Amino acid sequence: MKIFLIILFFISLTMFTLFAADTFYRPNQDFPLEFIYLINSMQEKRATPAETLIFKQQIKSFDNLATSLEVQKNHLFIKSEIYKVLFKLRPKREISKDSYQENLLSLVKNKLTEDSKNNLSAFTVWFLEALITDISTLFSSELFKPIQIMVNTNQPLKNDKERNYKKKLDLCLAWIELYLNLNAEEFEVELFTVMSKITERIYQYGNLYLQLTNSSTSSLTNDLVHFNLSEKQPDKKGIAYINYLLDLENMGLDKDRPKEPKLEWLPSDEPSNANIPVPKENNQKKSPNETEPVPINDWPIDIE
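These figures come from a predicted structure and were not determined experimentally. (Residues numbered from 1 in each chain as written. Predicted model: local features only at pLDDT ≥ 70, side-chain atom pairs only at ≥ 80, totals over all residues. Heavy atoms only, no water.)

Looking only at helices and strands, the protein features 10 helices and 2 strands. Ordered by position in the sequence, the α and β elements of the protein form the string α-β-α-α-α-α-α-α-α-α-β-α. For the protein, the proportion of its 304 residues judged to be buried stands at 44%. In the protein, once contacts between residues fewer than 6 apart in sequence are set aside, the share between residues at least 24 apart is 86%. (Helix = DSSP H or I, 4+ residues; strand = E, 2+ residues; numbered from the N terminus. Buried < 20%, exposed > 50% of the residue type's maximum accessible area, 1.4 Å probe, protein only. Contact = heavy atoms within 4.5 Å.)

The next point concerns the packing of helix α8 (residues 160–181) against helix α9 (residues 184–212). At a minimum axis distance of 9 Å, the contact between α8 and α9 shows a crossing angle of 140°. The residues of α9 that touch α8, namely those facing W175, L178 and Y179, are F187, E190, L191 and V194. Grouping the amino acids of the contact of α8 with α9 by side-chain chemistry returns 6 nonpolar, no polar and 1 charged. (Axes fitted to C-alpha atoms, helices over the stretch in contact; angles between N-to-C directions. Nonpolar A, V, L, I, M, F, W, Y, C, P; charged D, E, K, R; others polar.)

Turning to the nonpolar core, a few remarks are in order. The biggest cluster of nonpolar side chains holds 62 residues, and the ones touching the most others in it are F35, I82, L86, F123 and I198. When contributions to this core are tallied by element, the ones reaching two or more residues are α2 (33–42), α3 (49–68), α4 (71–88), α5 (103–115), α6 (122–139), α7 (144–152), α8 and α9. The element contributing the most residues to this core is α6, with 11 residues. In this structure F123 touches E34, Y37, L38, S41, I82, L86, L191, M195 and I198, once residues within four positions along its chain are discounted. (Core = buried A, V, L, I, M, F, W, Y, C linked by side-chain atoms within 4.5 Å.)

Our next topic: the pattern of salt bridges. The tally for this structure, following the rule as stated, stands at 11 salt bridges. Note that K79 is salt-bridged to E34, the shortest N-O span being 2.8 Å. Note that K79 is positioned in helix α4 and E34 in helix α2, a separation of 45 residues in sequence. Note on E34: relative accessible area 6%, which makes it buried. (Salt bridge = Lys/Arg side-chain N within 4 Å of Asp/Glu carboxyl O.)

With respect to the helices and strands, the residue H226 is situated in the loop between α9 and β2 (227–230). The exposure class of H226 is buried, given its relative accessible area of 7%. In this structure, H226 is in contact with R26, P27, N28, D30, F31, D63, A66 and T67, ignoring residues within four places of it in sequence.

Moving on: α7. Among all positions of α7, only F144, I147, Q148, M150 and V151 are buried. Down the axis, α7 shows its buried residues gathered within 165° of arc, on one side only. Where α7 is buried, its residues touch α6 and α8. Positioned one or two residues after α7, N154 has a phi angle of 60°, which is positive. (Arc of directions from axis to C-beta.)

Turning our attention to α6. Compared with the 26 Å implied by 1.5 Å per residue over 18 residues, the 26 Å span of α6 between its first and last C-alpha is a close match. Along α6, the residues classified as buried are A122, F123, T124, V125, W126, F127, L128, L131, I132, I135, L138 and F139. (Expected span 1.5 Å × (residues − 1).)

Quick look at the packing of aromatic side chains now. Both the distance between ring centres and the angle between the ring planes are used here to describe each pair of aromatic rings. For the structure on display, the rule yields 11 aromatic pairs. Between F139 and F144, the aromatic rings sit 4.4 Å apart at their centres with planes inclined by 35°, giving tilted as the arrangement. The exposure classification of F139 matches that of F144, with both residues buried. Through a chain of ring-to-ring contacts, the aromatic side chains of Y83, F123, W126, F127, W175, Y179 and F187 assemble into a single cluster. Against the face of Y179 rests K111, its NZ or CZ located 3.9 Å from the ring centre. (Phe/Tyr/Trp six-rings, centres within 6.5 Å; stacked < 30°, edge-to-face > 60°. Lys NZ or Arg CZ within 6 Å of the ring centre and 35° of its normal.)

Residues of strand β1 (residues 24–27) alternate between two faces, with F24 and R26 on one and Y25 and P27 on the opposite face, all of them buried. As paired strands, β1 and β2 are joined by 4 bridges and run antiparallel to one another. From the neighbouring strand, R26 faces β2, where its bridge partner is N228. (Pairing = 2+ DSSP bridges.)

This part takes up the environment of S99. Mapped onto the elements, S99 comes out in the loop between α4 and α5. Among the residues examined, S99 registers a relative accessible area of 6% and is labelled buried. Considering only alpha carbons, one finds S99 and L173, 74 residues apart in sequence, at a separation of 7.1 Å. Once you skip the residues sitting within four places of it in the chain, S99 turns out to touch L104, F139, L173 and E177.

Shown next, in the form of structure tokens:
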């Protein structure tokens, strides 16, 4: 009987680790909103003890990075990695001719409204709404009608301007088509795999920066500076749940915070399997005083 109780104890301990996190990490305003939605949404999923340990290591690394970089540089680095991975790992499929129709937007909006009655993650809502905004802009372009005709009649594109425009459009449509062909739960499973790749990549290259600049700022007490810790978020459903996650005030952010300009460029690719050594301890914080240059629009670069 004693052995049985011990087994039950360890099983319950494991189940708690799988289904509930004892601490919820909320990034503060030193991180871009996309990252805040990402980290909050990542913590909604089940995690094994090993995955939980890795996530805590990543959180500490992100905290070190935010301490080492001024806010603008930290935002630019993280935003570029998020967008880069989202488009690099887009569904590899040939876009249907039906997707080059204006009614696509109403289909997506209606489905998102319906799916929002379920527990969509904050990152999923942000990503889909961002895609809707971008596609609306692209559909309003003077290039859309000519491209639409060329697609429907199987005509080749005439110049680089048309090719670059269609490349932007297809990057967005690939994700939209996947969303329309899956139910909400299936889409979130697909997107969660990409979200994990994003955090892994930011972790890898963030650590590489800290190591190369010898600017690791791990505190002796291991306290987090740029994350607010709380208990696991309350059990909310549907629209109320999404609004809770997207509410900046509940994240400890200022509601009057100005909206950030969209990042309209994709950086060139880098090795994804870099062998990155553990950064050395260094408690000295840099005092950056440089002005970050405005990112340029270099969409035509190869992201394959």
